[in-house]
Amino acid sequence: MRCPNCGSPVMVYANRWECGYCGDCGVLRTRQTAPEPAQTQTITLSFQFVSKLDFDNTWSEMKNVISQNAEKLLPQLGNVLIYEISHAMATPGHTTDNEKFQELDEFLHSDPILRDGPNIRDIIHAAKQGEELCVAEGKLTEDACGGFWQQLIRTLPSGDDPEEFEDLLYGLGAFYQYFVSDEWGGKNLTRFRELRDAFAYHRCRHRYFSPDPGAAIARLQSDDVRQLDEDCRDILVSTYPDYFREYTLDDMEYFQCNCFFEDLAEEDPALARVMWETLLAAAGPDFTKNPTVEEYLMENNPFADGN
């Protein structure tokens, strides 16, 4: 490069030049080339939600619930599971995935509770006929309560259901979902809620229509009036079950002893008197020593005026 001012050779330092003869200097200019266009890569991502059921773990959690709360019913739990799978397979649009069928076949053969029951061929054959297996044992709807569920309800103490019961019902819902469809649509949660509501309904019916009057009588005879209307109701229902057969859950929940006897005394005085005497007998021959119970019974006596 020569100096543009005097034409003498210049010295170059990095990106600058300087003429040693005339002292002129400047910045070197590099040739600008057009930048290459950026290369754009298009990546197509395909998402597929796969619902994969862990048979062994789900079944283990279900068995654990029954082992802790009603161990004697554990052998019958297999029929409940078979019903739920069969119920799903009898539903139009159920899975036809042979891989799922193979998984189920291996699972049924490997478990000591399940291996002697229906196998995958039995389930598929029933589904083709539009039938369900183990209905008498495992079906649970508001209109039907299978034998397993009836025994379980009788086994459980009164009060709220143990939290782990949701694991049992959710597990059944998961098996149902896996075989009712190949699409992930939250059907396991739908089925779980159906089972939960049906179980709560039948447990409530059992509490109201098959009560244990022993505790109620003990409270009356100890002057314990914390749940007097409920105790009177339980004593009457256990003694006259046919009379209460047509009562609804709401009727039972909001039962008031005084209103009940007022209405019954007008409708059927003879029956009202017999029922009233049943309560007096339950309160015991010395119930007058229990001032709170005595006051309640005497105040609500429908025959106090000699009617």
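Draft legend 1. Up close: the overall build of the protein chain. Scanning the protein chain for helices and strands turns up 14 helices and 3 strands. For the protein chain, the residues scored as buried account for 38% of the 307 residues in total. Across the protein chain, the fraction of contacts at a sequence separation of at least 24, relative to all contacts at a separation of at least 6, is 59%.

Draft legend 2. Broad picture of the layout of surface pockets. Here the second largest pocket defines a volume of roughly 330 Å³. Contributions of two or more residues to the lining of the second largest pocket are made by α6 (147–155) and α8 (187–209). Among the elements that line the lining of the second largest pocket, the one with the most residues is α8, at 4 residues. Residues of the lining of the second largest pocket, tallied by class, amount to 5 nonpolar, 4 polar and 3 charged.

Draft legend 3. The packing of aromatic side chains, seen in detail. Going through the model one piece at a time under the given rule, you end up with 19 aromatic pairs. Taking 5.3 Å as the distance between ring centres and 85° as the angle between the ring planes, the aromatic pair formed by Phe-55 and Phe-107 counts as edge-to-face. With a gap of 52 residues between them, Phe-55 in helix α1 (residues 55–69) and Phe-107 in helix α3 (residues 98–110) connect regions that are remote in the sequence. Overall, the relative accessible area of 6% leaves Phe-55 in the buried class. Each residue in the set Tyr-243, Phe-244, Tyr-247, Phe-255, Phe-260, Phe-261 and Trp-276 is aromatic and connected to the rest through ring pairs, giving one cluster. Across the ring face of Tyr-178, the terminal group of Lys-100 is positioned such that the distance to the ring centre comes to 4.3 Å.

Draft legend 4. The arrangement of unusual backbone geometry in detail. The residue Cys-134 is not glycine, and still its phi comes out positive at about 60°. Considering the arrangement of structural elements, one finds Cys-134 in the loop between α4 (120–128) and α5 (135–138). You will see that Asp-223, though not glycine, has its phi angle at about 65°, which is positive. Checked against the element boundaries, Asp-223 lands in the loop between α9 (213–221) and α10 (228–239).

Draft legend 5. Inspection of the packing of α1 against α3 at higher detail. Orientation of α1 relative to α3, taken along the N-to-C sense of each, is 45°, at an axis distance of 11 Å. On the basis of the axis angle, α1 is oblique to α3. Where α1 crosses over α3, the two elements pack in a sense that is right-handed. Packed against α1, whose contacting residues are Phe-55, Asp-56 and Trp-59, the element α3 presents Glu-103, Leu-104 and Phe-107 at the interface. Looking at side-chain class alone, the contact of α1 with α3 contains 4 nonpolar, no polar and 2 charged residues.

Draft legend 6. Fine view of the side chain of Thr-278. Considering the arrangement of structural elements, one finds Thr-278 in helix α13 (residues 269–283). Residue Thr-278 is classed as buried on the basis of its relative accessible area, which comes to 17%. Among all residues touching Thr-278, those that are not within four sequence positions of it are Ile-235, Thr-239 and Tyr-240.

Draft legend 7. Here's a closer look at the environment of Asp-234. The topology assignment puts Asp-234 in helix α10. Distance in space between the C-alpha atoms of Asp-234 and Asp-212 is 7.3 Å, their sequence separation being 22 residues. When near neighbours in sequence (up to four residues on either side) are disregarded, Asp-234 contacts Arg-207, Pro-211 and Pro-213. For Asp-234, the side chain forms a polar contact with the side chain of Arg-207, separated by 3.1 Å.

Draft legend 8. Summary view of the side chain of Asp-231. Positionally, Asp-231 belongs in helix α10. Non-local contacts of Asp-231, meaning those with residues more than four positions away in its chain, are made with Ala-216 and Arg-219.

Calculation notes
- Residues numbered from 1 in each chain as written.
- Predicted model: local features only at pLDDT ≥ 70, side-chain atom pairs only at ≥ 80, totals over all residues.
- Heavy atoms only, no water.
- Helix = DSSP H or I, 4+ residues; strand = E, 2+ residues; numbered from the N terminus.
- Buried < 20%, exposed > 50% of the residue type's maximum accessible area, 1.4 Å probe, protein only.
- Contact = heavy atoms within 4.5 Å.
- 1 Å grid on protein atoms, 1.4 Å probe; cavity = no way out; pocket = protein on both sides within 12 Å on 5 of 7 lines; lining within 4 Å.
- Points joined across faces, edges and corners; volume = space filled by probe spheres on them.
- Nonpolar A, V, L, I, M, F, W, Y, C, P; charged D, E, K, R; others polar.
- Phe/Tyr/Trp six-rings, centres within 6.5 Å; stacked < 30°, edge-to-face > 60°.
- Lys NZ or Arg CZ within 6 Å of the ring centre and 35° of its normal.
- Axes fitted to C-alpha atoms, helices over the stretch in contact; angles between N-to-C directions.
- Parallel < 35°, antiparallel > 145°, perpendicular 65-115°, else oblique.
- Left-handed = near helix turned anticlockwise from the far one by under 90°.
- Polar contact = N/O pair within 3.5 Å; in protein donor to acceptor, adjacent residues only side chain to side chain.

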